[in-house]
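A closer look at the structure
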Amino acid sequence: MNAAVIEVAGLRKRYGEFTAVDGISFDVRKGEVFALLGTNGAGKTTTIEILEGYLKASGGTARVFGHDPADRGPLRSRIGVVLQESGLFGDLSAAETVTAWRRFTSGARPVAEALELVGLSGQASTRVKRMSGGERRKLDIALATLGRPELLFLDEPTTGLDPEARRRVRDLVGELAGAGMTVLLTTHYLEEAQELAARVAIMDKGRIVTHGTMAEVLGRGSGRVAFDLPGGATPEGLPVGERDALTVTGRRCVIVTAEPESVAHSVLGWAHTRGLKLTGFDVRQATLEEVFLDIAHHSGQEVTT
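Attention in this report is confined to the structure presented alongside it. (Residues numbered from 1 in each chain as written. Predicted model: local features only at pLDDT ≥ 70, side-chain atom pairs only at ≥ 80, totals over all residues. Heavy atoms only, no water.)

1. Here we look at the packing of aromatic side chains
We apply this condition: Stacked, tilted and edge-to-face are the three classes assigned to paired rings of Phe, Tyr and Trp, where Trp is represented by its six-membered ring and a pair needs centres within 6.5 Å; plane angles under 30 degrees give stacked, over 60 edge-to-face, the rest tilted. When a residue's accessible area, from a 1.4 Å probe over protein chains only, is under 20% of the maximum for its type it is buried; when over 50% it is exposed; and in between it is partly exposed. Every helix listed is a DSSP run of H or I at least four residues long, and every strand listed is a run of E at least two residues long, numbered separately from the N terminus.
Inspection of the entire model under this criterion finds two aromatic pairs. Centre to centre, the rings of phenylalanine 26 and phenylalanine 34 are 5.3 Å apart; their planes meet at 15°, and the pair counts as stacked. Residues phenylalanine 26 and phenylalanine 34 agree in their burial class; the two are buried. Considering the side-chain rings of phenylalanine 227 and phenylalanine 281, the 5.9 Å spacing of their centres and the 20° angle between planes classify their relative orientation as stacked. In this pair, phenylalanine 227 sits in strand 10 (residues 223-228) while phenylalanine 281 sits in strand 13 (residues 279-284), placing the two residues 54 residues apart along the sequence. Assessed through its relative accessible area of 0%, phenylalanine 227 is described here as buried.

2. Focus: the pairing of strand 8 (residues 199-204)
Keep this limit in mind: DSSP bridges decide pairing: two strands pair if at least two such bridges lie between them.
Counting buried residues along strand 8, six of its six residues qualify, which places the element largely inside the surrounding structure. Side-chain alternation along strand 8 places Arg199, Ala201 and Met203 on one buried face and Val200, Ile202 and Asp204 on a second face that is also buried. Pairing geometry for strand 3 (residues 33-38) and strand 8, over five bridges, is parallel. Across the sheet, leucine 37 pairs through a bridge with isoleucine 202, a residue of strand 8.

3. As for helix 4 (residues 133-144)
For clarity, the threshold we go by: Given the number of residues in a helix, its expected span is that number minus one, multiplied by 1.5 Å. Whether two residues are in contact is decided by their heavy atoms: any pair within 4.5 Å suffices.
With 12 residues, helix 4 extends 17 Å between its outermost C-alpha atoms, agreeing within 8% with the 16 Å of an ideal straight helix rising 1.5 Å per residue. Among the 12 residues that make up helix 4, nine are buried, leaving the element largely enclosed by the rest of the structure. When we look at burial in helix 4, the residues that qualify are Gly134, Arg137, Lys138, Leu139, Asp140, Ile141, Ala142, Leu143 and Ala144. Tucked inside the fold, the buried residues of helix 4 contact strand 5 (79-82), helix 2 (94-102), helix 3 (111-117), strand 6 (151-155) and helix 5 (163-178).

4. Points about the nonpolar core
Our working definition: Side-chain atoms within 4.5 Å link the members of a nonpolar core, which is a set of buried Ala, Val, Leu, Ile, Met, Phe, Trp, Tyr and Cys residues.
In terms of nonpolar packing, the biggest core is built from 47 residues, with Leu37, Leu139, Leu152, Ile202 and Leu288 touching the most fellow members. Considering every element that reaches this core, the biggest residue donor is helix 5, with six residues. In this structure, isoleucine 202 is in contact with Leu37, Arg207, Ile208, Val209, Thr210, Val217, Leu288, Val291, Phe292 and Ile295, ignoring residues within four places of it in sequence. By size, the runner-up hydrophobic cluster in this structure holds 26 residues, among which are Val8, Phe34, Leu36 and Leu184.

5. Looking at the side chain of arginine 137
Cut-off, in case you're wondering: Here a polar contact is recorded for every N or O atom pair within 3.5 Å, except that within protein the pair must consist of a potential hydrogen donor and a potential acceptor, and residues adjacent in sequence are included only if both atoms are side-chain atoms.
Relative to the assigned elements, arginine 137 resides in helix 4. Engagement of the side chain of arginine 137 in a polar contact is seen with the backbone oxygen of leucine 83, the distance being 2.6 Å. Arginine 137 has contacts with Val82, Leu83, Gln84, Asp155, Glu156, Pro157, Thr158, Leu161 and Val169, leaving out every residue within four places of it along the chain.

6. Some words on the pairing of strand 9 (residues 207-213)
The sheet contact formed by strand 8 and strand 9 spans six bridges and is antiparallel. Residue pairing in the sheet places isoleucine 202 in a bridge with threonine 210 of strand 9. Hairpin connection, strand 8 to strand 9: the antiparallel pair is bridged by two residues, and lysine 205 has positive phi, about 55°.

7. Regarding the sheet that holds strand 11 (residues 245-249)
Using the following cut-off: To get an axis, a line is fitted to the C-alpha atoms, and for a helix only the part in contact is used. The angle between two axes follows their N-to-C directions and goes from 0 to 180 degrees.
Taken in spatial order, the four strands of this open sheet run 11-12-10-13, and their pairing is antiparallel. At either end of the open sheet lies a strand with only one pairing partner, and these are strand 11 and strand 13. Taking the axes of each pair of neighbouring strands and ignoring which way they run, one obtains an average angle of 10° across the sheet. Note that strand 10 and strand 13 share four bridges and pair antiparallel. Residue pairing for strand 13: valine 225 is matched across the bridge by valine 283. In the packing of helix 8 (residues 260-273) onto the sheet, the strands contacted are strand 10, strand 12 (252-257) and strand 13, and the crossing angle to strand 13 comes to about 155°.

8. Structural notes on the sheet that holds strand 7 (residues 182-186)
Taken together, the six strands give an open sheet; going across it, the order is 5-6-7-3-8-9, and neighbouring strands pair in mixed fashion. In the strand order of this sheet, the two ends are held by strand 5 and strand 9, each with one partner. Sheet twist, expressed as the average angle between the axes of neighbouring strands with direction ignored, equals 15°. Pairing of strand 6 with strand 7 involves five bridges; the strand directions are parallel. By the bridge assignment for strand 7, aspartate 155 is matched with threonine 186. Taken strand by strand, helix 1 (residues 44-51) contacts strand 3, strand 6, strand 7 and strand 8, and its axis lies near 140° from that of strand 3.

9. Overview of unusual backbone geometry
The backbone of arginine 148 sits at a positive phi, close to 55°, despite the residue not being glycine. Within the secondary structure, arginine 148 is located in the loop between helix 4 and strand 6. Of note in this structure, glutamate 156 is not a glycine but carries a positive phi near 50°. Considering the arrangement of structural elements, one finds glutamate 156 in the loop between strand 6 and helix 5.

Written as structure tokens, this is what we have:
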């Protein structure tokens, strides 16, 4: 098992009577993409800002590479941060922007290497104000990785981008992680987290309500098994468990279940013993969005993903 880069235990943050983070614990391991998700106001941004060293915790512990993140000296060269909104200067070119940032970054990559890393070599002379949203986001990442950090904080890296630009930034993040960089990601694009992250934690009202590998978290949601019955057949005797829900519309049967693979196997056995040929057979595990929305529904939150 890879060593932990981030270790959080019983972390709390209070603002007067309001508790923004309420005793959460998790770790992020070397070389993985970890997604920290939550509805608006869940506490994830506060958690990230503590880990980045911008806020002091009210209780519990947070360690980044074994250090208190508030002591930024030993960590400055080891972490990179991509904020939700960048502060780029529109009149500078991409190359000029990187050159300016290099003055404040120890061990900085050469300008050409920094731009090539994020696929902006062809835009070196393009002024920031003339770059697309996706290109500016890539430039943000180039600046965050200029000092070759071991850990990258990504706060909503694709917010406001069109689908093609989101795809390009997502591919870039995947490449960085594939090269061994540890990434802590927050995003409202849940398909993005599902594609990139090895593990995930979902926060609600200051607490982590579910966490684990992506497969474990998805397994806690409800998948479905759907199929069409042949003419004249009825759904009598279908293997539907007490916690499953069967809906029949015409010949279409849909079973909502926490164990879609097991139910699918039972349904096929049921059909075989009756000599039935099922068509339109579809087995689907819960998506991260469905798990997320189920958490939001039970907490009474209204969310937009």
